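Chains, contacts and geometry: an overview
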Amino acid sequence: MSPKRSDQLPPPAQSSSPSAGAAGRTDARAPEHHDPAPSRWPGLSSLKANAWVPLAIVLLVPLAAFVESDVVGRYNARIVTLIGYNVILAVSLQLINGVSGQFSLGHVGFMAVGAYLAAYPAKTYANNFADPAAVLLFYLALGVVVGIMGAVLYGLLRLAGLFKRVHRSLPGVALLVLIIWFAVDISRAASATDAGLAVPKWCVWSHGMGGLQDLFDAIQAHGASAAAAISGHLPAAIAGPVCFIVLLIGAGCCAAGAGFVVGLPALRLRGDYLAIATLGMAEIIRISIMNSRPLGGALGLTGIPRYTNLVWLYGCVVLTVLFVWRVTYSARGRVIMAVREDEIAASAVGINTTRQKVTAFVFGAFFAGVAGALFALNEYSITPTRFTLDRSIEVVVMVTLGGLGSITGAVLAAIVLTILPEALRSVAEYRMIIYSSLLIVIMLARPQGLMGTRELPSPKALFGRWWGSRKGVTA
Amino acid sequence: MQEFVQQLINGLSLGAIYALIAVGYTMVYGVLQLINFAHGDVFMVGAVLVLLIARGVGWVGDDHVTHSWAAFGVCAALSVAGCGLLGFVIERFAYRPLRNRPRLNSLITAIGVSLLLEYGGQHPKVFGPTPRPFPIDMLPGVGGRLFSIGGVVITRIDGMILAITLVLMLGLSYVVMRTRTGLGLRAVSHRFDVAALMGVNIDRIISFTFVLGSTLAGVAGILFAIKYPKVDPLMGLLPGIKAFVAAVFGGIGNITGAVLGGLILGLVEVLAVGYLPNGSQYRDGIAFVILIAILLVKPSGLLGKNVTEKV
């Protein structure tokens with residue numbers, strides 16, 4: 001406090017010494033020193049996405065409706081749809097890889113979680129999008145069950161952690177033993193049910209899982225009539241969209257939950273380790289889905305009702321971009337960026353770095369889940385092969401090409417890199433070779449990506465001259 | 001018991017292959033702190049090149065195969081040399097220009113190189129996307145058993161894999177611990193800039209590291225193809241990742257750790273497939289579970305040093 005004061009003291013002394021007239025001038029100028037944000041964050045005021053939103057809605061949604069109406073042909077409409085998914089994925093990954101600086105290679109894992117956990121209730125409970133309450137009930141029951149499971153696991157881990165004073169490696173060993181026990185327990189129980197036998201008594205965890213399954217069923221059974229009543233009161237015109245929105249948000253929350261579970265341990269790792277760990281997590285998610293009977297296993301889930309159209313899709317695109325933009329250029333965004341720039345310095349000024357990283361990760365995972373839900377509710381059927389490592393890498397390439405940290409760049413790169421392979425279809429054999437060479441060449445020639453960390457300025461700053469507002473240009 | 005010992009031997013021979021690949025990962029990580037994502041694809045190139053060379057020379061055709069260990073040896077030697085060259089080229093053109101940039105950039109070019117090798121290999125004029133049988137018939141008598149003790153059979157293939165791995169590891173430890181280049185390698189991995197001040201030619205050492213690692217990966221690819229005689233351009237993906245897990249498990253940057261990690265990973269994988277119900281379905285997930293567990297429990301790995309970050 002005191003050194004700062006002594007720094008500020010001299011200027012008034014200097015300015016007051018020459019003459020009284022000069023002192024009067026400094027008084028008149030004083031209010032300017034209290035000028036808010038623009039001088040503190042140069043460029044931030046021109047980064048307002050809000051101004052683009054009306055324009056985007058006015059342009060995009062009718063455009064999407066136009067493309068949907070079969071005037072441009074199925075093939076082009078398909079490309080526009082792919083662009084929509086990719087923009088959401090790229091922008092949400094930008095939050096993780098660009099803004100928070102954590103290199104995630106497992107984004108598609110969250111998309112898979114969202115896709116499957118939207119497709120399954122949509123197929124089983126939604127009654128062709130007429131019963132939003134039942135879908136909500138499904139997510140609630142899932143939340144309760146997962147919450148209980150998480151609480152038990154957390155308790156066990158804390159228990160293992162209690163013995164920290166005995167030996168440093170004991171909690172770790174206990175964790176390993178627990179994991180192995182779960183694996184053996186679950187698989188023994190599974191093979192017993194396969195053979196039509198009762199689950200052995202010592203399969204404690206699996207009995208617990210069975211209990212949770214009963215709880216899940218009980219919640220479903222008890223809530224079903226209430227849900228049907230609530231849904232019955234809704235007019236048919238509203239039930240469909242409400243159901244769809246519940247599915248999107250529910251799937252997004254499931255993916256965000258997965259992001260939380262994955263992120264909490266993984267984000268204590270750095271750089272390459274994190275990349276591999278997220279890659280591993282995504283593979284584990286995919287392998288688990290492949291071995292899950294309710295989710296269709298390797299053959300995938302078929303007969304999913306379709307609801308997504310381009311208007312919904314691009315509505316979600318606009319919302320995602322707006323959300324990520326607002327988070328990035330908010331106070332929290334600055335904190336997250338501080339962690340990216342220098343983790344040690346950030347923790348030295350009191351930022352909980354793991355918390356900030358997990359926040360970015362959870363937000364990113366949420367939108368990946370929404371993208372997955374949009375994808376699943378558009379495709380009639382989904383298989384685990386749609387969510388392989390290649391897809392993650394594709395999204396990473398988009399983010400990198402656009403410029404790590406630039407949302408505009410991510411959007412542009414998502415559009416370009418979706419159209420490019422289609423444009424290269426005439427040289428289909430060389431398409432992926434060109435694609436991968438491009439990645440190397442870009443990294444060698446322009447490592448900061450197309451846009452660097454720059455963003456699209458606000459429309460006022462761009463078109464201010466023609467709108468006659470000089471202020472917009474200078475701000 | 002007999003079955004268990006049999007499983008152990010299978011696990012060891014699979015683990016030996018992982019160890020050969022993991023050594024390359026760990027050496028490159030030691031000198032550059034870079035995960036060479038393309039390393040698994042160099043492994044693939046080792047196997048694929050043998051087939052391509054054998055077909056190109058005419059020793060393997062659609063209807064005939066030359067039964068000759070010598071012919072196979074020539075193909076294998078050429079292929080391993082090709083892998084070494086490939087490692088050199090990758091380092092020279094994809095990693096060296098980015099050496100002083102953020103590590104993330106090199107990681108992305110590494111992914112790019114990996115994709116280039118995979119998709120390049122899938123091009124019909126190079127190899128094509130469909131798996132092809134490996135010309136194991138060129139090695140007469142390799143399929144038999146070497147010896148058996150109390151019902152436990154050691155096949156000639158497993159014996160060969162273990163013997164070759166042992167010889168290569170002894171050779172590697174000689175190169176690293178007893179030669180001048182090895183001294184340079186250790187110096188560079190210990191402290192990059194100080195090694196340069198002491199007159200170590202860093203560029204040469206790094207190139208050498210890549211050539212050495214890629215050569216071992218090439219040998220591993222050929223051995224893997226002999227054990228599982230089918231090759232395709234994507235065959236390097238999973239063994240590559242698993243070998244990386246092995247390197248992390250043993251403590252990345254530590255050569256002994258990589259060998260140990262590879263052997264343990266091979267054992268765990270084979271035992272899990274053999275003894276866990278439905279184990280074979282989770283085969284490829286096991287490596288990742290181990291990876292995540294080790295990263296949580298002891299991120300520096302079994303033999304790795306705990307590096308404290310200085311501010």
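Quick word on the overall build of chain A
- When you go through chain A residue by residue, the secondary structure sums to 21 helices and zero strands.
- The buried share of chain A, reckoned over its 475 residues, is 38%.
- Summarising the internal contacts of chain A: among those between residues at least 6 apart in sequence, 78% fall at separations of at least 24.

Quick notes on the overall build of chain B
- When you go through chain B residue by residue, the secondary structure sums to eleven helices and four strands.
- Radius of gyration (C-alpha) of chain B: 19 Å, near the 19 Å computed for a compact globule of 311 residues.
- Overall size of chain B, expressed as C-alpha extent along the three principal axes, is 60 × 45 × 35 Å.
- Across the 311 residues of chain B, 49% fall into the buried class.

As for the interface of chain B and chain A
- Residue-level contacts link 39 residues of chain B with 37 residues of chain A.
- Among the elements of the structure, α4 (103–122) and α11 (283–297) of chain B are those that each provide at least two residues to the side of chain B that touches chain A.
- Of all the elements, α4 of chain B adds the most residues to the side of chain B that touches chain A, at 13 residues.
- Split by residue class, the side of chain B that touches chain A holds 27 nonpolar, eight polar and four charged.

Topic: the pairing of strand β2 (residues 145–149) of chain B
Residues and elements named next belong to chain B.
- Counted residue by residue, β2 has zero buried out of five residues, so it is predominantly exposed.
- Sheet analysis places β2 next to strand β3 (residues 152–155), joined by four bridges and oriented antiparallel. Within β3, the position partnered with Ile149 by the bridge is Val152.
- Linking two consecutive strands that pair antiparallel, namely β2 and β3, is a turn of two residues; a positive phi of about 50 degrees is found at Gly150 within it.

Remarks on unusual backbone geometry
- Positive phi is not limited to glycine here, since Tyr380 of chain A has a value of about 70 degrees.
- Position of Tyr380 of chain A relative to the elements: it lies in the loop between α16 (353–379) and α17 (389–402).

Considering the confidence of the model for chain B
All names here are of chain B.
- When pLDDT is averaged along chain B, the result is 88, and 97% of the positions lie at 70 or above.
- Mean pLDDT values for the elements of chain B range from 77 in α11 up to 95 in helix α8 (residues 202–227).
- Taken together, the chains of this predicted complex give a pTM of 0.80 and an interface ipTM of 0.83.

Some points on the nonpolar core
- In terms of nonpolar packing, the biggest core is built from 219 residues, with Ala90 and Leu247 of chain A together with Leu291 of chain B touching the most fellow members.
- The element best represented in this core is α16 of chain A, accounting for 16 residues.
- Not counting residues within four places of it along the chain, the set of residues in contact with Ala90 of chain A comprises Val395, Met398, Val399, Gly402, Ala410, Ala413 and Ala414 of chain A.

Quick look at the environment of Ala228 of chain A
Residues and elements named next belong to chain A.
- Here Ala228 shows up in helix α10 (residues 204–233).
- Overall, the presence of 15 C-beta atoms within 10 Å leaves Ala228 in the partly exposed class.
- For the pair Ala228 and Leu157, spaced 71 residues apart in sequence, the C-alpha to C-alpha distance is 40 Å.

Remarks on the confidence of the model for chain A
All names here are of chain A.
- Scored by pLDDT, chain A comes out at a mean of 78, with 79% of its residues at no less than 70.
- The secondary-structure element of chain A with the lowest mean pLDDT is helix α4 (residues 37–40), recorded at 38, while α16 shows the highest, at 93.
- Residue range residues 469–475 is modelled with pLDDT below 50. Its contacts to residues more than four positions away, or to other chains, number twelve contacts.

Looking at the packing of α17 of chain A against helix α18 (residues 407–423) of chain A
All names here are of chain A.
- For the pair α17 and α18, interaxial distance at closest approach is 7 Å and the crossing angle is 125 degrees. In terms of orientation, α17 and α18 fall into the oblique class. Two packed elements cross with a definite hand, and for α17 against α18 that hand is right-handed. Across the interface between the two elements, Val397, Met398, Val399, Leu401 and Gly402 of α17 pack against Gly409, Ala410, Leu412, Ala413, Ala414 and Leu417 of α18.
- Of the residues that constitute the contact of α17 with α18, the class distribution is nine nonpolar, two polar and no charged.

Topic: the packing of helix α11 (residues 236–266) of chain A against α16 of chain A
Residues and elements named next belong to chain A.
- Running from N to C, α11 and α16 cross one another at 140 degrees; their axes reach a closest spacing of 7 Å. The orientation of α11 with respect to α16, classified from their angle, is oblique. For the element pair α11 and α16, the recorded crossing hand is right-handed.
- Residues of the contact of α11 with α16, tallied by class, amount to 20 nonpolar, six polar and no charged.

So, the environment of Tyr120 of chain A
- Within the fold, Tyr120 of chain A resides in helix α7 (residues 107–124).
- Not counting residues up to four positions away in its chain, the partners in contact with Tyr120 of chain A are Pro294, Leu295 and Leu301 of chain A.

The rules behind each value
Sequence order as written defines the numbering, with residues in each chain counted from 1. Each chain is given a letter, starting from A, and each ligand a number, starting from 1, according to the order in which they appear as written. With the structure being a predicted model, the display of local features is reserved for residues of pLDDT at least 70 and the display and counting of side-chain atom pairs for 80 or more, all residues being used for whole-chain, interface and lining totals. For the purposes of this entry, the term helix denotes a DSSP run of H or I that reaches at least four residues, the term strand denotes a run of E that reaches at least two, and both are numbered from the N terminus. Each residue is classed by its C-beta neighbour count within 10 Å, where at least 20 other C-beta atoms makes it buried, 12 or fewer makes it exposed, and intermediate counts make it partly exposed; the C-beta atoms are placed from backbone geometry. Contact between residues is assigned whenever the C-beta positions, reconstructed from backbone atoms, fall within 7 Å. Every radius of gyration here is taken over C-alpha atoms, with the globule rule written as 2.2 Å times N^0.38, N being the number of residues. Under the scheme applied here, ten amino acids are nonpolar (Ala, Val, Leu, Ile, Met, Phe, Trp, Tyr, Cys and Pro), four are charged (Asp, Glu, Lys and Arg), and all others, including Gly, are polar. Paired strands, in this sense, are two strands between which DSSP finds at least two bridges. Residue-level confidence of the predictor is summarised by pLDDT, bounded by 0 at the bottom and 100 at the top. Defined on buried residues, the nonpolar core groups Ala, Val, Leu, Ile, Met, Phe, Trp, Tyr and Cys residues joined through C-beta atoms within 7 Å. Each axis is a line fitted through C-alpha atoms, taken for helices only over the stretch in contact, and angles between the N-to-C directions span 0 to 180 degrees. Any angle from 65 to 115 degrees is called roughly perpendicular, while one under 35 is roughly parallel, one over 145 is roughly antiparallel, and all others are oblique. Crossing handedness is defined as follows: a turn of the near helix away from the far one that is anticlockwise and smaller than a right angle gives a left-handed crossing, while the clockwise case is right-handed.

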